Amino acid sequence: MISQTISRDPLHIVILAAGAGKRMRSNWPKVLQPLAGRPLLAYVIDRARALAPASIRIVHGPAGVQLCAAFPEPDLIWCEQPEPHGTGDAVRAGIADLPAAARVLVLYGDTPLTPATDLESMLAAGADLAVLSAELDDAAGYGRIVRDDRGRFRAIVEERDADAEIRAIREVNTGVMTAAAGDFHRWLAALTRDNAQGEYLLTDCIALAGGEGKQVIALPSSAPLDCLGANDRAELARLERRLQQHRRTAALAAGVTLIDPERVEIRGRLEAGRDVVIDCGVILEGEVRLGDEVSLGAGVIVRDSTLAAGTAVEPYSVLDGVQTTGPCRIGPFARLRPGTVLAAGSRVGNFVETKKARLGEGSKAGHLSYLGDAEIGPGVNIGAGTITCNYDGRNKHPTAIGAGAFIGSNSALVAPVAIGADSLVGAGSVITEDVPAGSLALGRGRQVNRPRRQNDKKTKQKGA
Ligand code: UD1
Ligand code: CA
């Protein structure tokens, strides 16, 4: 019976995102505020897609251009609500063209973490009107679920319209609601702006449906704290903590060691092998893949990178767009930029910056270097202070360093330039021409030793 209801009527999801979001005090629409690096609305769209609906409609206001630009995917239908006259008015704008039999699920764009299982239970409940409710310790700001003395759901009363008795209720409206489009059409047409906010309140549909003798239910959420919205920065920060808690729990369950879970931020998607160890203050962003036994030291930041099994990143290194293809050592204090590829046994030490640089097996750049647009073979030693001068003010040029080469400290390699295999560049050289394999290159002023003059000696002695 229940599943029949679902299969007979195609599901259409309406996401409300037209509110002004004034309480954020931002130049950006509220639903574009980031949660773990992604806009709030992105999470709601994910939830919607997971239900495989016939359509996803996003109700937008004047910020529509910004929203469409952030979500260019063709499966989204954009519906304009010209003025923010309230959530009831917004749903009206979202479902105007839907046939009466269509099933409508309303989600709020500022409520990103609603459990998918709650949405499924609501759709399966088969009531004429179902609302997802949440039991909160602190219900301030939310619409309250009002039940009669037999526990039957009678109305939602917004905080601003509530008296002390209703404000004491801790069961609140999460904003998630489902009913048939035909019923919504009728109820929404009957809404008035006779309330403290002077808006068309979607929540007034409950009393209207009840008055018609419809079956109206409020289904308590399985995870009330995941049903919270974000109206201001403090609530957004609270959601961020909540989401981080979920991700840390998942990482720990998957076998990752988080030395202090509260001090690790997983802002993107983390894939980790066995026995990965993550120290305090680590921030992971974008797509991060960590092989078995990878370790990330204190304060390490990793974005969009894949680190092979056994890679050790020492404290305060920043990795962005990095790939290691075998166990290697990075940091402390290394900055690895996009296009850095490190082979097994290689080492990039403190105050070394790399960009579009490949280090072959066992190659080392231990200290104070810049390696950009560089192809470095295996077994190469890059001395402290080596710089690839890859930029001539207009274009970037490549540097190639062959297997087994030794670059003396404080050398400047002026690209484009190639250093042959097994060659040796003397410390302090400025290399402007290719170095053939197996040769010694010296590109510096020659040291001259002369006897000290008589005067020099006297001055020195007086001063001493
Ligand atoms: C709303 C509910 C409240 C519930 C709470 C849950 C109403 C009247 N109140 O209150 O019962 O407890 O959410 O978080 O529904 N929006 C529009 N157009 C508008 C107004 C709002 O699209 O004209 C959108 C907003 O962008 C937002 C959502 O609707 O995504 C909710 O609006 P908001 O103003 O945040 O409602 P609350 O006061 O939080
Ligand atoms: Ca809200």
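Residues numbered from 1 in each chain as written. Chains lettered and ligands numbered in written order. Predicted model: local features only at pLDDT ≥ 70, side-chain atom pairs only at ≥ 80, totals over all residues. Heavy atoms only, no water.

A. Just the overall build of the protein chain, in detail. Secondary structure assignment for the protein chain yields 10 helices and 37 strands. Expected size for 464 residues packed as a compact globule is a radius of gyration near 23 Å; at 32 Å, the protein chain overshoots this value by more than 25%. Dimensions of the protein chain, computed from C-alpha atoms along their principal axes, come out at roughly 110 × 55 × 45 Å. Out of the 464 residues belonging to the protein chain, those deemed buried represent 49%. (Helix = DSSP H or I, 4+ residues; strand = E, 2+ residues; numbered from the N terminus. Rg over C-alpha atoms; globule rule 2.2 N^0.38 Å. Buried < 20%, exposed > 50% of the residue type's maximum accessible area, 1.4 Å probe, protein only.)

B. Inspection of the site of ligand 1 at higher detail. Around ligand 1 lies a shell of 23 residues, among which Q81, G86, Y108, E158 and N173 are the nearest. Residue Y108 places a side-chain N or O atom 2.8 Å away from an oxygen atom belonging to ligand 1. At 3.4 Å, a backbone N or O of G109 approaches an oxygen atom of ligand 1. Isolated, ligand 1 exposes 750 Å² of accessible area, and the fraction of that covered by the protein chains is 93%. Sorting the residues of the shell around ligand 1 by element identifies α4 (87-95) and β10 (171-180) as the ones contributing at least two each. Tallied by class, the residues present in the shell around ligand 1 amount to eight nonpolar, 11 polar and four charged. (Near = heavy atom within 4 Å. Polar contact = N/O pair within 3.5 Å; in protein donor to acceptor, adjacent residues only side chain to side chain. Areas by Shrake-Rupley, 256 points an atom, 1.4 Å probe, with all protein chains shown as cover. Nonpolar A, V, L, I, M, F, W, Y, C, P; charged D, E, K, R; others polar.)

C. Region of the structure containing the coordination of the calcium ion (ligand 2). Around the calcium ion (ligand 2), the donor atoms from the protein are D110 (OD) and N231 (OD1), and they sit 2.4 Å away. Here the residue D110 occupies a position in the loop between β6 (103-108) and α5 (116-125), and N231 occupies one in the loop between β11 (216-220) and α9 (233-253), the gap between them amounting to 121 residues. (Donors = N, O, S within 2.8 Å, 3.2 Å for Na, K, Ca; no water.)

D. Focus on α5. Three or more residues of α5 are buried, namely D118, L119, M122 and L123. Take α5 and look down its axis: the buried residues cluster within an arc of 135 degrees, on one side only. Among the residues trailing α5, G126 stands out with phi positive, at a value near 70 degrees. (Arc of directions from axis to C-beta.)

E. Here's a closer look at the packing of aromatic side chains. Tallying each qualifying case throughout the model produces three aromatic pairs. Taking the centre distance of 5.7 Å and the plane angle of 20 degrees together, the rings of Y316 and F333 count as stacked. Placement of Y316 in the loop between β19 (312-313) and β20 (318-320) and of F333 in the loop between β22 (329-330) and β23 (335-336) is noted, with a sequence separation of 17 residues between them. Using a relative accessible area of 47% as the deciding quantity, one classes Y316 as partly exposed. Ring plane angle 15 degrees and centroid distance 5.5 Å describe the contact between F333 and F351, whose orientation is recorded as stacked. (Phe/Tyr/Trp six-rings, centres within 6.5 Å; stacked < 30°, edge-to-face > 60°.)

F. Up close: the pattern of salt bridges. Within the structure shown, the criterion is met by 29 salt bridges. Between E212 and R186 there is a salt bridge whose closest N-O contact spans 2.8 Å. Of this pair, E212 sits in the loop between α8 (205-211) and β11 while R186 sits in helix α7 (residues 181-189); the two residues are 26 residues apart in sequence, bridging distant segments of the chain. According to the relative accessible area criterion, E212 is partly exposed, its value standing at 38%. Beyond isolated ion pairs, a larger network of salt bridges with shared partners links D183, R186, E212 and K214. (Salt bridge = Lys/Arg side-chain N within 4 Å of Asp/Glu carboxyl O.)

G. Main features of unusual backbone geometry. A cis amide bond, omega 0 degrees, links G331 with the succeeding residue P332. As for its placement among the helices and strands, P332 is situated in the loop between β22 and β23. Note that the residue after A415, namely P416, is joined by a cis bond; omega there is 0 degrees. Positionally, P416 belongs in the loop between β33 (412-414) and β34 (417-419). Positioned with a positive phi, Y316 is a non-glycine residue whose angle comes to about 55 degrees.

H. Quick peek at α4. Of the residues making up α4, those classed as buried are G88, D89, A90, V91, G94 and I95. Buried residues along α4 sit against β1 (11-16), β4 (55-60), β5 (76-80), β6 and α7. (Contact = heavy atoms within 4.5 Å.)

I. Representation of the side chain of Q81 in the model. Of note, Q81 is situated in the loop between β5 and α4. Engagement of the side chain of Q81 in a polar contact is seen with the backbone oxygen of G86, the distance being 3.2 Å. For Q81, the side chain forms a polar contact with the side chain of D89, separated by 2.8 Å. For Q81, the residues in contact, after removing those within four places along its chain, are A18, V59, H60, G61, G86, D89, A90 and A93.

J. Quick look at the environment of V264. Turning to its location among the elements, V264 is positioned in strand β13 (residues 264-266). When residues no more than four places from it in sequence are discounted, the contact partners of V264 are Q244, R248, L258, I278, D279 and V282.

K. Structural detail: the nonpolar core. Counting residues in each nonpolar core, the largest one holds 44 residues, and the members touching the most others are I278, L296, I401 and I419. At the level of elements, β13, β16 (282-290), β18 (301-307), β26 (353-359), β28 (370-376) and β34 are the ones that each hand at least two residues to this core. The element that contributes the greatest number of residues to this core is β16, accounting for four residues. Not counting the four nearest positions on each side in its chain, I401 is found in contact with E375, I376, G377, V380, I382, I407, L413 and I419. With 43 residues, the next largest nonpolar core counts M24, L119, L228 and L243 among its residues. (Core = buried A, V, L, I, M, F, W, Y, C linked by side-chain atoms within 4.5 Å.)

L. Representation of the state of the cysteines within the structure. Under the definition given, this model contains zero disulfides. Of all cysteine sulfurs, the one in C68 lies closest to C79, which takes part in no disulfide; the gap is 10 Å. Here C79 falls in the buried class, since its relative accessible area comes to 10%. (Disulfide = S-S within 2.5 Å.)

M. Broad picture of the pairing of strand β27 (residues 364-367). As paired elements, strand β25 (residues 347-350) and β27 share three bridges and run parallel to each other. Looking across to β27, one finds that N350 is bridged to H367. Bridge count for β27 against strand β29 (residues 381-382) is two bridges, and the pairing is parallel. Paired with A365 across the two strands is I382, which belongs to β29. (Pairing = 2+ DSSP bridges.)

N. Geometry of the side chain of S317. With respect to the helices, strands and loops of the structure, S317 is situated in the loop between β19 and β20. For S317, the side chain forms a polar contact with the main-chain nitrogen of A334, separated by 3.3 Å. For S317, the residues in contact, after removing those within four places along its chain, are G299, V300, I301, I330, G331, P332, F333 and A334.

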